[in-house]
Amino acid sequence: MHNFVIKRNIADILIYMAQEPPLEASVLLNHLTEIEQAAEEILTDRREIIEFDRQRNKTREAVRCLHKDKDKNTWLCSGNMFLKVERKKAINILEKDYAELDKEISKVRSALKPKVSKLRDLENKDDVKGFQLQGLSKEELNSVKDLL
């Protein structure tokens, strides 16, 4: 008789587990999933910024090295190939790459701020004070200097 009761209890437990979770639990699970996805997007963007910054620093170092170099031609690695190009062309190419990396970093950073705000909203936390501040543009800076 005891075996029958145990088997019956196990069957009841399995049936209960197969049913839909209570509404509160599913809402909580969905909310935690949203928070986790938002946090993962932020971490991915931060890793991307770090990688772009490393590439930008390497490009800056290469440009600086080429400015010091006095040879007319230099070797430039493009993908899986090494090309012998004029030093001035190589500097020009690297400076364009540097500017492009700078734009990408700025784009990812500007997209990161709303994601952090969304995460803080999901966590029911207040926004960070001063987080939405942006630097002055050259025109704005010049007008401030004129006023002073």
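Source: prediction; values computed, not measured.

**Considering the overall build of the protein**
Check the secondary structure of the protein and you find four helices and two strands. Element order for the protein, N to C, with α for helix and β for strand: α-α-β-β-α-α. A total of 148 residues make up the protein; the buried ones form 17% of that total. Residue pairs at least 24 apart in sequence account for 55% of intrachain contacts in the protein once pairs closer than 6 positions are excluded. Per element, the accessible surface of the protein, about 12,700 Å² overall, is 56% carbon and sulfur.

**What to know about the pattern of salt bridges**
Applying the stated criterion across every chain yields a total of five salt bridges. Residue arginine 54 pairs with glutamate 51 through a salt bridge whose shortest N-O separation is 3.9 Å. You can see arginine 54 and its partner glutamate 51 sitting in helix α2 (residues 23-68), three residues apart, about one turn around the helix. Here lysine 107 and glutamate 104 are joined by a salt bridge, their closest N and O atoms 3.8 Å apart. Of the two residues, lysine 107 and glutamate 104 both sit in helix α3 (residues 87-122), three residues apart, roughly one turn of that helix.

**Let's talk about the pairing of strand β2 (residues 81-86)**
Examined bridge by bridge, strand β1 (residues 73-78) and β2 share six bridges and lie antiparallel to one another. Each residue of the ladder has a partner; that of tryptophan 75, found in β2, is lysine 84. Connecting β1 to the antiparallel partner β2 that follows it, the hairpin turn spans two residues, and glycine 79 within it adopts a positive phi of roughly 70°.

**Brief notes about the environment of leucine 76**
Looking at the secondary structure, you find leucine 76 in strand β1. Expressed as a C-alpha distance, the spacing of leucine 76 and leucine 94, which sit 18 residues apart in the sequence, is 9.5 Å. Sequence-distant contacts of leucine 76, defined by excluding residues within four places in its chain, comprise Met81, Phe82, Leu83, Val85, Ile93 and Leu94.

**A word on α3**
With 36 residues, α3 extends 52 Å between its outermost C-alpha atoms, agreeing within 8% with the 52 Å of an ideal straight helix rising 1.5 Å per residue. Those residues of α3 that sit buried are Arg87, Ala90, Ile91, Leu94, Leu101, Ile105, Val108, Leu112, Val116, Ser117, Leu119 and Leu122. Where α3 ends, the next residue or the one after it, asparagine 124, has phi of about 60°, a positive value.

**Focus on the confidence of the model for the protein**
Confidence along the protein averages 83 in pLDDT terms, with 80% of residues attaining 70 or more. For residues 1-7, every residue scores under 50 in pLDDT, and the model assigns this stretch zero contacts once sequence neighbours within four places are set aside.

**Structural notes on the side chain of arginine 87**
With respect to the helices and strands, arginine 87 occurs in helix α3. Within the buried core, arginine 87 has no salt-bridge partner, and the shortest N-O distance to an opposite charge, that of aspartate 69, equals 5.6 Å. If we skip the residues at most four places from it in the chain, arginine 87 touches Leu66, His67, Asp69, Asp71, Lys72, Asn73 and Thr74.

**Remarks on the nonpolar core**
Membership of the largest hydrophobic core is limited to 12 residues, which are Ile35, Ala38, Ile42, Ile49, Phe52, Leu101, Ile105, Val108, Leu112, Val116, Leu119 and Leu122. Elements that contribute at least two residues to this core include exactly α2 and α3. Not counting residues up to four positions away in its chain, the partners in contact with isoleucine 42 are Leu112, Lys115, Val116 and Leu119.

Cut-offs and rules
Residues numbered from 1 in each chain as written. Predicted model: local features only at pLDDT ≥ 70, side-chain atom pairs only at ≥ 80, totals over all residues. Heavy atoms only, no water. Helix = DSSP H or I, 4+ residues; strand = E, 2+ residues; numbered from the N terminus. Buried < 20%, exposed > 50% of the residue type's maximum accessible area, 1.4 Å probe, protein only. Contact = heavy atoms within 4.5 Å. Areas by Shrake-Rupley, 256 points an atom, 1.4 Å probe, with all protein chains shown as cover. Salt bridge = Lys/Arg side-chain N within 4 Å of Asp/Glu carboxyl O. Pairing = 2+ DSSP bridges. Expected span 1.5 Å × (residues − 1). pLDDT = per-residue confidence, 0-100. Lys, Arg positive; Asp, Glu negative; His and termini not counted. Core = buried A, V, L, I, M, F, W, Y, C linked by side-chain atoms within 4.5 Å.

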